[in-house]
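Below, each chain spelled out in residue letters.
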Amino acid sequence: MSIDIDKLAHRYEELRSERANWESTWRECAELFNPGRYRDDTETNAHRIPLVNPKLVNSKGILAMRSMASGMQGGMASPVRPWFRLVAKGDPQRIPDGVNAWLDRVTQAMTAVLHQSNFYNATHTLYSDIGTFGTGLLVETANEDGIYFHLVRCGEYVLDINGNDEVDTFFRRLYMTPRQILDRWERAPNLPDFIKRSRERKVMTTERYDVIHAVFPRTDFKPAKRLTVESKPFASVYYLPGGSSGHGTGKACILEEGGFDMFPAFAPRWDVSGSDVYGRSPVMDVLPDCKMLQAMTTTLRKTQHKIADPPLVADQSLRATGVKLIPGGLSFFDSTRTGTTPVAPIHQPEAAALQTVMTAIQEVEQNIDDGLYVDLFRMMLEDQRSRITATEINAKERERIVMLGPVVERLHKELFDPVIRRTFALMQEWGAMPTPPEGVDALDVDVSFESALAQAQRQVTTSNIEAGFAFIGQAAAAVPEILDIVDTDAMGRAYLDRINMPSSVIREESAVEEIREQRAQAAAQQQQMETMNQGVNQLVDATKAMENMSNTNISGQNALEALTGGLGNVL
């Protein structure tokens, strides 16, 4: 079933209308915290707008957002530290041998693929988008050259959610020149003539046109063995909209129609209220502070300027000759006039007032730092050691990390887990996956996160295990039977899992049972040898005793003869 382009274009306009309430807030947030990351999709010169805000007089918001983005990358998905690993779901005893080692190799391969792509550059900017606007959009594609991530700016996309409040639809605006359109869709059957004729001009026009990219689930999806556009569960459509927002006149026309097996985009949100499509950001909480900070800084600079260069009053006699107030300047006045000052300040602010303003500004700046968790991330970034453990982070900033817990969980669910699963599928599709062992076809794979913030979230459970083990160990000294209530194997595996010990260095259940069986057999053999040695030693001792008795003379007989003789008499 072909795409109804009119219905699709109408849906895009409806989603834009629903998004309108957020746009003014996004624009204000971008001006003070993230200039250049907001683009209004109605702006015809959006590619030429200034990348900085000339009205800014205090850059605290921009610097705080920079620290937050860097801290989020270091704490969530650092390019220099392992931050995820693949694990097998289900009962460990039923996992085939070699699977955990294979999953470790897959994790290493995926890490290498992500390093070769632009994943870390894209996510660094994505963190600032999430922190500023509450929502971000990242699109992952792949070809024979590898994986690539497209980061869409706020204002250039609209989203929609399904019944589970999951983002499964997006439209994004591509503002393209005729040359760019022809490079991609020159053979498109519906390409307008005015785009085709642009190549015939002596100078290619730089005029830009809207190209809308829509990705959404197919309502008429029917799996088929034959690979066709309709056999993909997610449709991908590029089209030129009609009317004034598109190419002047005419109806909307499709440039390309394709599809995806998995939703190719990730739309993580900082915090979501109810069934809202777009999220709230920490910047929205401190936006009033940053506005006030601009006004306070303006007042401070005026006060400082007045102190350094105050307004002056001069004697009327100097009107004719003038006054030279530059360094080394020489002015003349009538010295016979007494009781007057030739030049004096009219108003000069007091130093105490200046200090009051500066203190107030520092308090507001601290509010912004607190709202964006700058102190927490700065502690993580400024640590000069090779690795800061979750225990140290928990001891220093436990309360603040607990506050970040919902954000960390949401990013795992809406960004990192989908990224890992889609990258896994793309590597399988393009033949970049290590050869799996037998029995992996039906394996259910899960993602375990081991970043600094993820480990800190799990630190509470490891502390409980440590405290429980310490208590059992102390109690066992007085009551050994207390060990019977604890499954030490399960305790050990749970602890190693929470500290993200690689699966390849943890023995399988079957290997552990084999080792214990061998140890039991060795112990039994050792006991048998000790028993045999004890019997031999007793025989040797008896033999020596008989030899000693045979050499002992008792009334002309040796002790052995006397003993046997005596026994004979008894018998």
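One can find the structure itself at the top, above this paragraph.
Anyway, here's the lowdown on the structure attached to this text. Predicted model, so just to flag it, every value in this text is computed and none were measured.

Below, the discussion takes up the overall build of the protein chain. Across its full length, the protein chain carries 14 helices and 14 strands. Sequence-distant contacts, at least 24 apart, represent 72% of the contacts inside the protein chain between residues at least 6 apart. With the model as given, the accessible surface of the protein chain reaches about 32,400 Å², and the carbon-plus-sulfur share is 52%.

What the 3 strands build is an open sheet, ordered β3-β2-β9; its pairing is antiparallel. The open sheet terminates on both sides in strands that have one partner only, identified here as β3 (146-152) and β9 (265-266). In the sheet, strand β2 (residues 137-143) pairs with β9 via 2 bridges, with the strands oriented antiparallel. Bridge pairing in β9 links L138 to F266. In the packing of helix α4 (residues 119-133) onto the sheet, contacts are made with β2 and β3, and the angle to β3 comes to roughly 20 degrees.

So, about the pairing of strand β7 (residues 234-240). With 7 of 7 residues buried, β7 is to be regarded as a mostly interior element. Residues F234, S236, Y238 and L240 point to one face of β7 and A235, V237 and Y239 to the other, with burial holding for every one of them. Where strand β6 (residues 209-217) meets β7, 6 bridges bridge the pair, whose relative direction is antiparallel. Following the sheet pairing, I212 is matched in β7 by Y239. Pairing analysis gives 7 bridges linking β7 to strand β8 (residues 253-260), with the strands arranged antiparallel. Counted as the bridge partner of Y238 is E256 from β8.

Mapped onto the elements, R16 comes out in helix α1 (residues 5-33). Given a relative accessible area of 15%, R16 falls into the buried group. In this structure, R16 is in contact with E23, D41, T42 and V158, ignoring residues within four places of it in sequence.

This part takes up the layout of surface pockets. The calculated volume of the largest pocket comes to roughly 590 Å³. Along its surface, the largest pocket is lined by 26 residues, and E166, V167, K413, E414 and P418 are the ones closest to its centre. At the level of secondary structure, the elements contributing two or more residues to the lining of the largest pocket comprise β5 (167-176), β9 and α10 (390-429). With 8 residues, the top contributor of residues to the lining of the largest pocket is α10. For the lining of the largest pocket, the class distribution of residues is 10 nonpolar, 4 polar and 12 charged.

Counted by the stated rule, this structure contains 14 aromatic pairs. For the pair W83 and F119, a centre-to-centre distance of 6.0 Å together with 10 degrees between the ring planes defines the contact as stacked. Of this pair, W83 sits in the loop between α2 (60-76) and β1 (84-88) while F119 sits in helix α4, placing them 36 residues apart in sequence. Given a relative accessible area of 3%, W83 falls into the buried group. An aromatic cluster of three or more residues is present, and its members are W83, F84, F119, Y120, F149, F416 and F449. Stacked on the ring of Y175, the Lys or Arg R173 has its end atom at 4.2 Å from the ring centre. A cation over an aromatic ring shows up here: R184 above the ring of Y238, its NZ or CZ 4.9 Å from the ring centre.

Backbone geometry at D165 places phi at a positive 60 degrees, although glycine is not the residue there. Turning to its location among the elements, D165 is positioned in the loop between β4 (157-161) and β5. One non-glycine residue with positive phi stands out, namely Y373, at about 60 degrees. Within the secondary structure layout, Y373 lies in the loop between α8 (351-371) and α9 (374-382). By relative accessible area, Y373 is classed as buried at 10%.

Among the secondary structure elements, P82 is positioned in the loop between α2 and β1. For P82, a relative accessible area of 53% translates into the label exposed. Along the backbone, P82 and Q108 are 26 residues apart, and their C-alpha atoms lie at a distance of 9.3 Å.

Strand order across the open sheet formed by 5 strands is β4-β5-β6-β7-β8, with antiparallel pairing between neighbours. Strands with a single pairing partner mark the edges of an open sheet, and in this sheet they are β4 and β8. With strand direction ignored, the average angle separating the axes of adjacent strands in the sheet is 15 degrees. Strands β5, β6, β7 and β8 of the sheet are contacted by helix α5 (residues 178-185), whose axis makes an angle of about 125 degrees with β5.

Per the counting criterion, the structure on display carries 21 salt bridges. In this structure, R19 and E23 form a salt bridge, with 2.9 Å as the shortest nitrogen-oxygen distance. On the criterion of helical spacing, the pair formed by R19 and E23 is a turn pair, its members being 4 residues apart in helix α1. Taken as a pair, R19 and E23 share a single burial class, namely buried. Salt-bridge contacts for E414 lead to R410; the nearest nitrogen and oxygen are separated by 2.9 Å. On the criterion of helical spacing, the pair formed by E414 and R410 is a turn pair, its members being 4 residues apart in helix α10. On the accessibility criterion, R410 (24% relative accessible area) is partly exposed. Overlapping salt bridges, with partners in common, bring together E13, R16, R19, E23 and D41 in one network.

Now for α8. Between its terminal C-alpha atoms α8 stretches 31 Å, which fits the 30 Å expected from 21 residues at 1.5 Å a residue. Listed in full, the buried residues belonging to α8 are L354, I361, V364, I368 and D369. Looking down the long axis of α8, one finds its buried residues gathered within 150 degrees of arc, a one-sided arrangement. Facing away from the buried surface of α8 by more than 90 degrees, the exposed residues are A352, T356 and E363. Of the residues trailing α8, Y373 is marked for its positive phi of about 60 degrees.

Scanning all chains against the criterion turns up 0 disulfides. Not part of a disulfide, C29 finds its nearest cysteine sulfur in C154, a span of 8.9 Å. Judged by its relative accessible area of 0%, C29 is buried.

Criteria and thresholds
- Residues numbered from 1 in each chain as written.
- Predicted model: local features only at pLDDT ≥ 70, side-chain atom pairs only at ≥ 80, totals over all residues.
- Heavy atoms only, no water.
- Helix = DSSP H or I, 4+ residues; strand = E, 2+ residues; numbered from the N terminus.
- Contact = heavy atoms within 4.5 Å.
- Areas by Shrake-Rupley, 256 points an atom, 1.4 Å probe, with all protein chains shown as cover.
- Pairing = 2+ DSSP bridges.
- Axes fitted to C-alpha atoms, helices over the stretch in contact; angles between N-to-C directions.
- Buried < 20%, exposed > 50% of the residue type's maximum accessible area, 1.4 Å probe, protein only.
- 1 Å grid on protein atoms, 1.4 Å probe; cavity = no way out; pocket = protein on both sides within 12 Å on 5 of 7 lines; lining within 4 Å.
- Points joined across faces, edges and corners; volume = space filled by probe spheres on them.
- Nonpolar A, V, L, I, M, F, W, Y, C, P; charged D, E, K, R; others polar.
- Phe/Tyr/Trp six-rings, centres within 6.5 Å; stacked < 30°, edge-to-face > 60°.
- Lys NZ or Arg CZ within 6 Å of the ring centre and 35° of its normal.
- Salt bridge = Lys/Arg side-chain N within 4 Å of Asp/Glu carboxyl O.
- Expected span 1.5 Å × (residues − 1).
- Arc of directions from axis to C-beta.
- Disulfide = S-S within 2.5 Å.

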